[in-house]
Amino acid sequence: MADVTVAPIAPAHRHLLAELATAVALIAAPPLLSRLGFAPDTMSRILVLGLFGIGFDLLFGYTGLLSFGQAAFFGTGGFTAAYLLTRTGMSSVMLSLALGVLAAALCGIGVGLIALRRTGIYFAMITVAIAQVFFFLENSPLADFTGGENGLAGVPAPTFSLGFATFPIHSGWSMYGFIAACYFVGLLVARRIVQSPIGCILAAIRDNPLRAAAVGHDVHGYKLLIFVIAAAYSGLAGGLLGVLQGYMPPDAFSFDTSGQLVMQTVIGGAGTLYGPLVGAAVWLYLRDFLQESAGLGAQWKLVLGVIFVLLVCFLRRGIIGGLKDLIILIGRKPTGAAERSDAGGARSGEGGGVAAAVRRPDPPSMPPSRVPCGAPGPILAASALTKRYGGLVANNNIHFAVEPGELRGVIGPNGAGKSTFFKMLTCEVAPTSGSISFQGKEITGMQVTDVCQLGLTKSYQVSQLFTRLTVRENLTIAALASLRGKLRIDLLKSPARVRSLHSRVDATLELIDLTGRCDVPAAALAYGEKRRLEIGLALATAPTLLLLDEPLSGMSPMERIETVKLLRSISRGRTLIIIDHDMDSLFELTERITVLERGCVLAEGTPQEIKNNPAVQAAYLGPESVA
Amino acid sequence: MLTWATFWSQVFNGLARGALLALISSGLTVIYGTLGVLNLAHGAMFMIGGYAGYVAFTRTGSFIVALIAGSGVVLAVGLVMERLVIRRFYGRPHEDQILVTFGLGICFVEIIRFFFGSLSRSMPPPPRLAGITSLGFMVYPTYRIAVVGIVAISLLAIYLVLYRTRLGMIVRAGIEDSGMVACLGIDVHRVFMIVFGIGSMAAGFAGIVNLPVAPITPDMGDSILVQAFVVIVIGGVGSYTGAVLGGLIAGEILSISSMIDPAYSYVALFAVMTVVLMLRPRGLLGAEWRT
């Protein structure tokens, strides 16, 4: 199920503990690992690769973007810093490194703007192709700056001055210390990013990018942001490689460099931040061991390739993921029992849920956070809305208006065009012609993200949850969208410091009656619970106008009673439009009903009027029954 | 010096190169379109084809035997690879499929390196196709003209198999909805295995045809793979005709721009890819619904 553990919200002291442990490990590593035969330079190299991998892990492990082109930024950062230090007479190593990072980040913006136009395999292919261009550029057109196939030699090591004394860095342990310090800072920053609200959103994008956009996050913006951050990490690592070796090799740009990074990260475990470090250590240790001790010569890479394939086949979460699973397996007895009793409780909650729901006091009402717009007139108005799919007219010339505070039902036989109509209202699909305005503002042709930010959102007919994340995380993601806006770069902020996030999530949990299940992954929920969470996701964005696409579908009669009650409480202080096939519930719940048939508005009126409308009866029961 | 003769010979070079790229990319795109798997070991298939053809040629001295035996070897490698590894990955995310084929590609390269070393090998063109032919306005190596012909025939053969046979109908139905095809009582996995084999064979076949044109090394597949990616991005993922069109375009861009400055030929190719992505993100002939 969840192959990456995302823990955006956890006690602060545990994080400090992990960071402290990292610092201790970095300090303790030299005496311990040198006994295993690790030379100081090898350990420094592992740290450089580990740092390179942190950026890649943020991109791949946490956001799900598999790039095979990170070498482009590794090389850019490395050659920029090396060029400044060897050819321009710049004396400050730190400044050169910083400029290298900047250059890599700028390239990241450019490449990201192109590569992120597509997702999935397209993204992987485009990053490969672009990285190859960097390799070619470095090799010939820019050879005057980069040394071409010779690389740049003579990169100096830094010297730190404290006024009263200077500390020159030499190769060996002082170099290890310098690089370890850089690694540690890089790791701290990455951990803060992962734990920030943005870390939460990245997990959402990885899990279900369409829903992340629908609840109001600028998915493309966040992807670009993390792409640039990964490029910056690559640039820093590249610069450090030059400093470490005193030489910047041209193969930093090669496809092999990117591929090796991917392999090391997967071997160590993606989505852990530490994975690349572990992977690099295993990689370099095995390389030296196989080449020298085992006498395999050039075949070491075949052995590593086989190990990699086996890991992808059988242990996709890598060494760290495997160890985590092992720890859980060993410590299973107590937690297993707890889980069972928990599941039992949940089951009884399901079975007795109806009774409980009936007994339960009215759920708390949760008013929308936005001040209702003062503009007079309908909150939502669609005029002459038409949608054609080729020759098929899904919606034809629909005029539709809803007053603020109204609870409107939309019914119609299957294929009447109800869902298409909703998709146009939330700007998921653009109408062929016609216009839509929300609170007096024209929204035709806007993005679904922007419309959600305005306060108009939808719950889906087929649940669109962040299945690998817990219920609480699901709601947190939705709530963050309305509390932070569609794009905000607060990389180092703790989610605990987002105002009223906690109360919003708790209130929504209580409203949809999932407080007791808040730490369960969404994938493990029962059907009815998933449907409630689906509504909860829309609700947590605090919409002023909420569209519900068949919220009652597939529910048992008792679950329907419960959900109708939920809908009634949601409707306080906000406008609701509900599509459903459950006439009895809609007639009872809503004030006005619009009937769609064959893409057109057939009738509109109070439930009583609709019930008695002969055209509606004919549409549902066939013309004979009316006569 | 830019003369008409050099220009036309570069156009022909581009045609030969583009035809090979089209063949390789069509294999890649048919596999992706049908199985939903992006095969990063596809470049290695090209390379294995070259080595298998080379071995067959050194044993028998016959170009025809090299073509047949080499294709057979790559077909077998493809079938076994699908059966043993790829099949486990249909239900897993795209990233996992990419990772595992990437790893397999590395293993293939290293295995070949183990047996043949890193030095390059080459093979002369068959005697009948050696030498040069006069086309009236210029003279051109005969074999490269033959390459265009051989590749055109194989592209046509693949097209006929894909669009004019029962297997092809199943394959195209599988592209639309493999679950539904399985529901109709067709053994989808067997079809997938055949498609993977044929797709790999296309790359391997190209590797053999390319043998007399350029020497082979174990890691030659990497750059071919990258070029095939560009071809597919230009032509549109999953589109057979897109791959052919993209291949020809890419071949011509690489050849004609290298006439001006070889250092920038790859940059020119990439620039075209970027323009296509900007104007038509799904590629020239890509379908809307495939992302």
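Because the structure is predicted, anything quoted here is derived from the model rather than measured.

Cut-off values and rules
- Residues numbered from 1 in each chain as written.
- Chains lettered and ligands numbered in written order.
- Predicted model: local features only at pLDDT ≥ 70, side-chain atom pairs only at ≥ 80, totals over all residues.
- Helix = DSSP H or I, 4+ residues; strand = E, 2+ residues; numbered from the N terminus.
- Buried ≥ 20, exposed ≤ 12 C-beta atoms within 10 Å, placed from the backbone.
- Contact = placed C-beta atoms within 7 Å.
- Pairing = 2+ DSSP bridges.
- Core = buried A, V, L, I, M, F, W, Y, C linked by C-beta atoms within 7 Å.
- Domains from an automatic or database assignment.
- Nonpolar A, V, L, I, M, F, W, Y, C, P; charged D, E, K, R; others polar.
- Axes fitted to C-alpha atoms, helices over the stretch in contact; angles between N-to-C directions.
- Parallel < 35°, antiparallel > 145°, perpendicular 65-115°, else oblique.
- Left-handed = near helix turned anticlockwise from the far one by under 90°.

Q: Can you walk me through the overall build of chain A in this structure?
A: In terms of regular secondary structure, chain A is built from 26 helices and 14 strands. Out of the 627 residues belonging to chain A, those deemed buried represent 50%. Contacts in chain A between residues far apart in sequence, at least 24 positions, make up 74% of those at least 6 positions apart.

Q: Any chance you could explain the pairing of strand β13 (residues 592-597) of chain A here in plain terms?
A: Consecutive side chains along a regular strand alternate between the two faces of the sheet. Residues and elements named next belong to chain A. By the bridge criterion, 4 bridges tie strand β7 (residues 407-411) to β13 in an arrangement that is parallel. The residue bridging G409 from the neighbouring strand is I593, located in β13. As judged from the 5 bridges shared by β13 and strand β14 (residues 600-605), these two strands associate in the antiparallel manner. From the neighbouring strand, E597 faces β14, where its bridge partner is C600.

Q: Even after reading the chapter, I still don't get the nonpolar core, so can you show me in this structure?
A: Soluble, globular proteins show a tendency: their nonpolar side chains are buried together. Ranked by size, the top nonpolar core spans 284 residues in total, and within it L51, A129 and I179 of chain A together with I24 and I48 of chain B carry the most contacts. Among the elements that make up this core, the one with the highest residue count is helix α10 (residues 219-245) of chain A (17 residues). Both domains that meet at this core, namely domain 1 (41-287) and domain 2 (380-626) of chain A, each give it at least three residues. Residues in contact with I179 of chain A, not counting those within four places in the same chain, are S44, L47, V48, L240 and L244 of chain A.

Q: Just to check I follow, could you spell out the domain arrangement of chain A for this structure?
A: How large an interface is tends to be reported as the accessible area lost when its parts come together. All names here are of chain A. Examined at the domain level, chain A breaks down into domain 1 (41-287) and domain 2 (380-626). The C-alpha centroid of domain 2 is placed 43 Å from the C-alpha centroid of domain 1. Taken together, the contact between domain 1 and domain 2 spans 24 residues of the former and 30 residues of the latter. Where the side of domain 1 that touches domain 2 is concerned, the elements lending two or more residues are α7 (173-195), α8 (197-207), α9 (209-214) and α10. At 7 residues, α8 tops the list of elements feeding residues into the side of domain 1 that touches domain 2. Grouping the amino acids of the side of domain 1 that touches domain 2 by side-chain chemistry returns 14 nonpolar, 6 polar and 4 charged.

Q: For this particular structure, what's the right way to read the packing of α8 of chain A against helix α19 (residues 471-484) of chain A?
A: All names here are of chain A. At their nearest, the axes of α8 and α19 sit 10 Å apart, and the two run at 120 degrees to each other. Regarding the angle of α8 to α19, the classification is oblique. Where α8 crosses over α19, the two elements pack in a sense that is left-handed. Judged by residue contacts, P197, C200, I201 and A204 of α8 engage E473, T476, I477, L480 and R484 from α19. For the contact of α8 with α19, the residue count by class is 6 nonpolar, 1 polar and 2 charged.

Q: So what exactly am I meant to see when it comes to the sheet that holds strand β5 (residues 380-389) of chain A here?
A: Pairing between the strands of a sheet is mediated by backbone hydrogen bonds and can be parallel or antiparallel. All names here are of chain A. Across the sheet, which stays open at both edges, the 4 strands sit in the order β6-β5-β8-β9 with antiparallel pairing between neighbours. Taken across any chain shown, the strands that pair with only one partner, and hence form the sheet edges, are β6 (392-402) and β9 (441-442). Pairing analysis gives 7 bridges linking β5 to β6, with the strands arranged antiparallel. Its bridge partner lying in β6, L380 is registered against V402.

Q: Honestly, the sheet that holds strand β12 (residues 575-579) of chain A in this entry has me stumped. Any pointers?
A: Residue and element names in this part refer to chain A. Spatially, 6 strands are ordered β10-β11-β12-β7-β13-β14 in an open sheet, and the strand pairing comes out mixed. The open sheet is flanked by β10 (456-459) and β14, the only strands paired with a single partner. Taking each pair of neighbouring strands and ignoring which way they run, the sheet shows an average axis angle of 20 degrees. As defined by bridge partners, strand β11 (residues 545-549) adjoins β12 across 5 bridges and the pair is classed as parallel. Residue pairing for β12: L548 is matched across the bridge by I578. Together, β7, β10, β11, β12 and β13 form the strand contacts of helix α17 (residues 418-425), whose direction differs from that of β11 by roughly 155 degrees. In this fold helix α21 (residues 527-539) packs onto β10 and β11, with an angle of close to 175 degrees to the strand it touches most, β10.

Q: Would you explain the interface of chain B and chain A in this entry?
A: If you look at the interface, chain B gives 34 residues, while chain A gives 34 residues. Mapped onto the side of chain B that touches chain A, the elements with two or more residues apiece are α4 (94-116), α8 (221-235) and α10 (265-279) of chain B. When residues of the side of chain B that touches chain A are assigned to their parent elements, the largest contribution, 15 residues, is made by α4 of chain B. The residue makeup of the side of chain B that touches chain A, split by class, is 24 nonpolar, 4 polar and 6 charged.

Q: I would appreciate a short explanation of unusual backbone geometry in the present structure.
A: What you tend to see is this: most non-glycine residues have negative phi, and most peptide bonds are trans. Residues and elements named next belong to chain A. Positioned with a positive phi, N397 is a non-glycine residue whose angle comes to about 50 degrees. Structurally, the position occupied by N397 is in strand β6. By the C-beta count within 10 Å, which is 14 here, N397 ends up partly exposed. The residue E550 is not glycine, and still its phi comes out positive at about 50 degrees.

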